[in-house]
Structure formats: C-alpha cells, structure tokens
Amino acid sequence: MIPAAFEYYRPKDMEGVLAILEEHGDDARVMAGGHSLIPMMKLRMAEVPHLIDLQDVEGLSGITVADTIRIGAMTTQNALINDAALEAAAPILKEAALQIADPQVRYMGTLGGNVANGDPGNDMPGLMQCLDATFHLVGPEGERDVSARDFYEAAYMTDREDEEVLTAVSFPAPQGGFAYEKQKRKIGDYATAAAAVQIVKDGGTCTGAQIAMTNLSDTPIYSEEASEALVGTSVDDAAIKAAIDAMLGDIDPTEDNRGPIAFKKHVAGVILRRAIERAWSRA
Amino acid sequence: MKDDVTREDRIGALGGMGCERKRVEDARFTQGQGNYLDDVKLPGMLFGDFVRSPYAHARIKSINTDAAMAIDGVIAVLTAEDLAPLNLHWMPTLAGDKQMVLADGKVLFQGQEVAFVVAEDRYIAADAVELVEVDYEEMPVITDPYEALTSDVVLREDLDPKADGAHGPRDHHNHIFKWEVGDETATNQVMDDAEVVAEETMYYHRTHPCPLETCGSVASMDKVNGKLTLWGTFQAPHVVRTVASLLSGIEEHNIRVIAPDIGGGFGNKVGVYPGYVCSIVASIVTGKPVKWVEDRMENLMSTAFARDYWMKGKISATKDGKITGLHCHVTADHGAFDACADPSKYPAGFMNICTGSYDIPTAYLGVDGVYTNKAPGGVSYRCSFRVTEAVYFIERMIEVLAIELDMDPAELRMKNFISKEQFPYQAPLGWEYDSGDYHTAWEKALETVDYKGLRAEQAQRIEDFKAGKTRKLMGIGLTFFTEIVGAGPVKNCDILGMGMFDSCEIRIHPTGSAIARLGTISQGQGHATTFAQILATEIGLPSDSITIEEGDTDTAPYGLGTYGSRSTPVAGAATALAGRKIRAKAQMIAAYLLEVHDDDVEFDVDRFVVKGAPEKFKTMKEIAYAAYNQAIPGVEPGLEAVSYYDPPNMTYPFGAYVCVMDIDVDTGVPEIRRFYALDDCGTRINPMIIEGQVHGGLTEALAVALGQEIAYDKLGNVKTGTLMDFFLPTAWEVPNYETDYTVTPSPHHPIGAKGVGESPHVGGVPCFSNAVHDAFKAFGLRQSHMPHDHWRIWKTANDLGLHD
C-alpha cells in the first residue's frame, strides 16, 4: 500500500491545470477528494506520475439552485447533505449522499470525483442519469457539455478526454416524488444494488418517471424502458412489475463477493420496487 | 483523633475490586499518545518489505534481484538462499511443524514471503519489491481439505511422507495429524442403541482476527555490546525472546523483547512470523535497526487465520430428550504449514470441550489436520484454543437434535445441563469443570427476554408470513456456552516446552505507591486498570497509586503472555498472591510498629489493626514508609514480592445468550432487534471493563457469523483481501447489547475470577447463527453454513421456495 513516486501539483487556476494536462497527457491525472484515486495509486493499480490536486483551483465548488441546479465538481458529499436550498429543490441528493461511505469520507469525497472516475460502484453517476444531468467539461479546445446518460462507456472509461476536466454538473430541478434505495453489506460499501427514482404524479396517474440503477453493470444504467413502463399508469403492481422486468433487461450484473448474478438480479428488482413505491408515495 | 471516615469510605478510596474504575489507559489512547510499534523510530533505521507470491502453489525457478538492488537506497534483498547458511530459511512453528521464512524452492500459498527487501526508506523498499523478478512455474492448487487427503499432489515435499509428524502417524502426504479423545467404540454403541440420533455437518469458515494494528517488528542489533533489542506486536514477548535466542544463537540475556502498546491482538499476534525473523537477520547483517510493518492486505492474506473446521456430528438421546452420546469428527484445514497456536499437547486446542454445558455420559472427538494451499495460522480468534469451534458445534447440534425431537431448544438445554451439584464435573472428553450454575443463569435469561412471549410472537409472524402479510421472518437465537480458559496447568499445558504459568512482581515505594510488572501484555484489555484494582484490594494501597507495567522482558518477570483469556485466571492469580506476600511482610512490620505480636494484628481494607482495638492501627502507607526507614529486627528492609502462579485447573466461565432477529426474506438482510448476554465470569473485578469486553466480543461474533471470512477461489486466490470485502462491522451495523450477569466464583482461583474477554465471542457466534437458522426452521431449514451474509441468507430463503 505504498504508491510509486509521483510529482504533485497544486495549481491555482484551470489554466494551470490544463497546461499540466497538456504537457503530460495520460501520465497526468486530476484529483478531487482522492478517495478513489489514492487507494488505486497505493495499490499500484493506477500509475500517476503527475498528480494534479484541484483543491486550490478557484470556482470549482458551490451549489446554485434555480430552475436549473448547478453543482461545482469540487463540492463535497457533506456539502450536498447540508445545503438547505438543495434539499428543498432536489432532496434525492441528500438521500443518496447519506448512503455514500461514512461521514469522514464525505467530508473529502466530491460529487465531481464520484461522477468522473467512472467507477460502476459509485452512487452519483446513476443518480445523475436519473436526473438527466449535464456534465460540464473544460479542455484545451474549450468547454463542452455531455449528458450523464451518454458519459459512461465501461468501467473507468468515460467520454472525458485525458486532457479534460469535469468542472460542474447541472440538471433541471426535479419534479415529483423521489427515492434513492440502496442495499449494501455495511457502511462504506458499494451497492449490492441501488435504484434512483423520480416520479411525477398528476391526479392518480404517473406522468413522468426516471429510473437509474447503480453497480449492476460496468456502467450506471438509465433504464428508459423501465421509466416508460410507469408513465400513464397508476403505478399499480402490474406497472411496477413491468418496470422491474424492463430494468432487468437492461442490467448485466457480474458475480462478486456480494453474491451471484441471480441474487443480484433478484435484489435489483426488490430494491427498484421499494424505490418506486417510496417515490410514488412522495409524489 | 476522631475518625469521620467510615470503613466504606476507605474501601471506596482504594478503587479496588468490584468498582467501575475508569480505564487509566484511555487518557493516552484517546489523545493520540499511544506508543505503537510503528511509532518506534530509531536513528538510521532501515525498512523491510516483502516480495510475496501471487500464486498459491508454484515452483520458483529463479529470483533476479539485480534491478531492485540497482535502486539507490536499497541495502539488501534477502532470499532463502541468503538465510540458508544461518539455517534461518525455515523456522519451527508453535505446533511442532516448520515453516519457510522465505520461499525455499516453492511457494505454498498466495501471499507467501519470497524475498525481503531492505532499504533506507519505506518508499524505496516498496519500489524495489516491484522490481524483484521471480520466475514461477505454477503447480496444481488444493484449497479443499477433503481433496487434499486423496490427491496425488504433494504439498509438503520437504516432509518424508511416511514419517510421523509432531502429533504421531500421518495417513497421507497431505495429512498432518490425527487427534482422538474419548471412547469411539463406546460412543458408536450408544448411537446404535439410541432412540433418537441427529446428524449434521457444518463448516466453520476460515476467518481472521484483523486487529486494528497489523503485525510488525523493529530489530536493533548493537554490534558493540552484542545486544539485540526487538520491539514487536507480541502477545507473548517472553516466548518470543526464548524462540529468538534458540533460533539466532544469541544468548537470552542479550536479547530484550519489548511489546509496546498493541492495537488489538485477538490471537493474531501470538505466532512468530517471517517478518520478525527477517527484521532480526537484516539488523544483524547491516548493524542497523530494521523495521517491518505489514499492511492490511498482507495481514489478512498471510498472518494467522482462524477456524476453517469441517465438523461432522452425531448426537443421540432418549425420546424424551435426555442426551446419551456425542460423536464429533473434524477435518481441520491448517493451510500450508501447521502453525496453529495451541498448547503443544493439544493439536486441536481444547476442541474436546465440545460436550459443552451438558451432562453427556459418552463422547468421542477425532480431528484430522490437513495441509492445503492456504495461509498458515490457526489461531484462537478472541477465544481460548478452538473453543469457539467447539461451542458452535455443540450449540448447533443441540438445535438439530431439538428439531429431530420436535422439542423446544430452550427446554432441551435445560433438561441436559450439568447441574450445580455435579461440580466439579468430570466431562467425558477429559476436562474437569470447576464450577457452574447453569440452570439459574438460563432461567434468568429466558425470563428476562420473555422467551414464551417471543415464541408466541414468532408463531404469529409465521402465520402472517404465510398469509402474505409480511415478508420478514423472526428468529430467536439461543446459546448456552461454557468456555475453558486460563491455560494452564504446567503439567499439561506448554508452548514450545514453556509451562503456561504466569507471574507478577511488585515493588512498594517508600511513600506508599507501587509498581507491579507482569508476564502478560495488554492489547486493549485494560490490564493497567484492572490489575491495579486487584492489588489495591489485596495490599490496601489505592489503585491510582499503582503502576502496572508489561511487555519489556528486561524488566517484567517471565510469563506466557495474553491470549485465551488467561491474563486474569493466571497472571491475575499471581498478582493476588504476590500481593498477599506483601501483606504478610507488612503484617510483621505493623506488629513491630504497634508493639504487639504478629498474630495480634489483622488486615482491614487499607491498614493493619490491633485485634479488638481498631483505634490502634498502621496504614499500609505508614507501613511502606517504615519498610524503608526503620531497622526492624528479623525483617529485611524493603517491601517487594514476586509470585509465579501455576494454575491447578482451567477456569470455566459460562453464559446464556439470546438474540432476536428479523430477516428480510427478499433481500437476505438480517436486522438484530435485541441481543441479551448474561455472563458468569466468577468474581467481577471491574464491571465497566467487563461490559466493554462483552460489547467487543459480541461485535466480533456478529462479524464472524454474518459475513466475515477469508475466502479463496479454486486457484487459491484470496477473494477477501481488503476491508472492502472483509467484513469489519462499524457502530452502524451493531445492535444495542443488553448485558447481565450471575456470579459463580472459581473455587480454585485466589480471587474467584474466571476471565471474560473471549466469552462473548464464543457464545455470540452460535447465538447469531442460531437466530438465522431459527427464523427459517418452520420452513424446513436444518443447517446452513456461516457466514450468513445477505446472499447466503437469500439463498436459504430461495432454496426453501420462499421467493416462489
């Protein structure tokens, strides 16, 4: 658990970050909270000769709540939990963040690091897909936006180029009921299965639904079919079953110490059902 | 002089036995002022790190150290070839086997030590490890002990397949020993004649103690004066000194072993590890201090597993539930080397306590030890030697028998307990239980939890479940356990030939304070607090005025260390007896000062008083001063004593535990609603520390029962090598424990204490496990192997058709 030698940089602005990235290409990595990257370096599974610490870069943290909510990449999970305006506008973030790791980690761990690393175990990528978030990237060619639903390619592989930095995420203020449901073995664990659900209710009918699953494939899974299975229904048992069936068609879990595939699929269904029921009850 | 101070006040001022004295250690530990092994920093110190095998079984064709040696700051890369001339490439194990210090021609488990890099800097050492090139040729891997006993693959090519092992004949080249206790013929006869026989096989999975601090050592060889100082995470520092002397040839008086603060042991720090040997050799070679500290992954994968027992049982009874016999066979997976930490004559520890708390007239135990391609170890993780396995076995067998008899398991236990009048009780597999009152404890436990009410609630829950009103089942876990701790009598207990006595040396200072040194070593048990309380009561000086010191072999008297709940039963007894020697001398001094005959004074809390004239007295403080400043005819100056205590028997703490659990059938998630633990550890020295010990032991029991394991795949890869997958519960996963007690003092222990640190673990594991089993009992479950993690519980439900 001793990392290989690396150069440590702590630039004050994004120009400085991009200059180092341009100079060293994929030999350089940016670090937000460090909770994924540092263990990988200590295990020597990630070799990062040039490590760029983003904590002194201006303007990367903070939460702006309006019709569109914007959250800086360096905003910590702890800040997400304790922001009253965010809680009022998008309470699912607090519900999810409280299920990530433990308080010590949440003081350091950031939203940007969580979504940009591409670890299928992270909770925020699925949540961002549920919320139809947009990721804001900056690179040598300037700024560009990518939909969270298009960002993830495979485990640790994303649409972000080596020279790009994720600076913020934004998403429309969510409507209706919400739930982030997660089964895990213990505090600090990745999900055995987790579901992010937002549901809009009009009268007794579901008029909009967004469903995403965590740690059940090598990327987060936004299940459009599962979402659509609820729309136009009264979210009765048949509709929930249809949503679960659709979701199960989209996920592709692998066996690990959390259990075999059959178990994970079963639990994914149970967790999604509970998430839908809770979200519907809040809608 | 008017004395307003009552006798009770004086007792209170002592802070002696029975009071909830706050732990004196905690001021340091909670302020970051502990001095752990990795805090030892010496000028010019070098750092060692291991190259470890990625394979579970492979021939080593070559090792190339050139690239590693080329790094600036690398001092040496040691391999077996370098250690062979010193005959240190292998070392003896505590179990009479031998173990490679560095891989000698082949590796036998993943994570095995292959080469030892010594560098000026910890980071350089790690870089060099990456550059050591080892050419391996993979060999067939055996991780199943049953397969090992029939396989043609020879794991231990160094052993003559026909030669006896340390514990007698071997049946097969991968067989280590067969250990038998009791009368198998008679037991089989009882089974044949029995009205009811229940049989079951259970796997007690491999797990690991995982103390917060990993293992490590700092060796410093002073070539000028020829003295070796060795700091390390040692649960038995004196034994380490003796072993180090025997291995290195350095005379024992020239070796000083220091165990500083230890961040938890739980058996992990009893054994001797290659890292200790390599740090010593490296220091001898370089003449500089050398530090080795393993990281968490190395700790989990290479040092001291626990359990890994396949246990097959048969239990017989009359139709009305009187147990008549017990047959137990264990296939014990010891890994690549037999490095079990047990008293020499007990290759399966005290597994022969497996008749438990029950009056079983006839029994047999057979244990076959087996080599596999897994890490060596076999330590007693928070229990006396293999007692957790024994108690798990009998407490599961009782549950299985209850199913067979269609009888309530609480009633079955009550019907078969050894009764109070039967103590001392001669058990069929050799032990003499010193004392107990099981019926009283069991009744108290069942009454406190309202056992009948719980069963009624459970019956309703089952109905509701069947009616589709709930998806949660309720389990009631029961356990009644008897521990066997305090090893042990020198006549039958030894470690590498050293009798398992323990010791205490006390010096009273002129001003009435004292220092006491013991042969044990605290790893969190609170010795500095509790041993001072024993002494306070024995010698009448306040516990706050008594320093307890352990762990430095240059100052502490020889002792066998701390594990197997032996500190209070053995060293605690030595402490009380040394205190009584102090008191005996103090009596003579007091009599002289009071100008009466020795027999005319008597001890009273903190003083000696003239019999019949309590206003005439000398306090122990006054007596201590007199011991150093008065010439007393016939009495040597000074006030000190030493006692070495050879216990006449083990002590037998017991307890009654009840766990109430709700299980989500659809996700496999268990929720512990209630856990009640009644412990009888005899005389209670510090109730607060006892309660803390019970909380800790139960938490480690919860861990083991519900998820904590060292799992291997078929290639011998460790699947649970980090704390991501190795379950270490936090406060979040732990329920609110209810503790309770009865007091049945040990009749042979000077203060009647029995030891408590491990009881909750021993009793807790079967209690949690029985709760899981009990939840599914109504649906036909008889046995499912631990650990009961989410997916295994889910699978149980699935196999029973509860998801259909």
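Details of the structure are given in the entry above.
Residues numbered from 1 in each chain as written. Chains lettered and ligands numbered in written order. Predicted model: local features only at pLDDT ≥ 70, side-chain atom pairs only at ≥ 80, totals over all residues. Heavy atoms only, no water.

J.: What is the right way to read the overall build of chain B from this model?
T.: Broken down by element type, chain B carries 20 helices and 33 strands. Whereas a compact globule of 804 residues would reach a radius of gyration of roughly 28 Å, chain B reaches 28 Å, a difference of no more than 12%. C-alpha extents for chain B along the principal axes are approximately 85 × 75 × 50 Å. Counting over 804 residues, chain B shows a buried share of 64%. Expressed as a percentage of contacts within chain B between residues at least 6 apart in sequence, the contacts between residues at least 24 apart total 79%. Summing over all exposed atoms, chain B offers an accessible surface of approximately 28200 Å²; the carbon and sulfur share of this is 51%. The averaged location of the 114 negative side-chain charges in chain B is 3 Å from the averaged location of its 71 positive side-chain charges. (Helix = DSSP H or I, 4+ residues; strand = E, 2+ residues; numbered from the N terminus. Rg over C-alpha atoms; globule rule 2.2 N^0.38 Å. Buried < 20%, exposed > 50% of the residue type's maximum accessible area, 1.4 Å probe, protein only. Contact = heavy atoms within 4.5 Å. Areas by Shrake-Rupley, 256 points an atom, 1.4 Å probe, with all protein chains shown as cover. Lys, Arg positive; Asp, Glu negative; His and termini not counted. Charge placed at Lys NZ, Arg CZ, Asp CG, Glu CD.)

J.: What exactly am I supposed to notice about the pattern of salt bridges here?
T.: Pairing between side chains of opposite charge can happen when their charged atoms approach one another. Across all of its chains, the model carries 72 salt bridges over all chains by this definition. Here A:K264 and A:D256 are joined by a salt bridge, their closest N and O atoms 3.0 Å apart. According to the relative accessible area criterion, A:K264 is buried, its value standing at 3%. Across the pair B:D26 and B:R23 runs a salt bridge whose closest N-O atoms are separated by 2.9 Å. Each member of the salt-bridge network shares a partner with another, and the members are A:R185, A:D189, A:D256, A:R258, A:K264 and B:D725. (Salt bridge = Lys/Arg side-chain N within 4 Å of Asp/Glu carboxyl O.)

J.: I'm lost on helix α1 (residues 14-24) of chain A in this one. Help?
T.: Residues spaced three or four apart along an α-helix face the same direction, because each turn holds 3.6 residues. All names here are of chain A. For α1, the full list of buried residues reads M14, V17, L18, I20, L21 and H24. Seen from one end, α1 has its buried residues packed into an arc of 160°, which puts them on one side. Set apart from the buried face of α1 by more than 90 degrees, the exposed residues are E15, E22 and E23. Looking at the buried positions of α1, the neighbouring elements they touch are β1 (7-9), β2 (28-31), β3 (50-53), β6 (134-139) and β10 (165-172). Positive backbone phi, at 55°, marks G25, one or two positions downstream of α1. (Arc of directions from axis to C-beta.)

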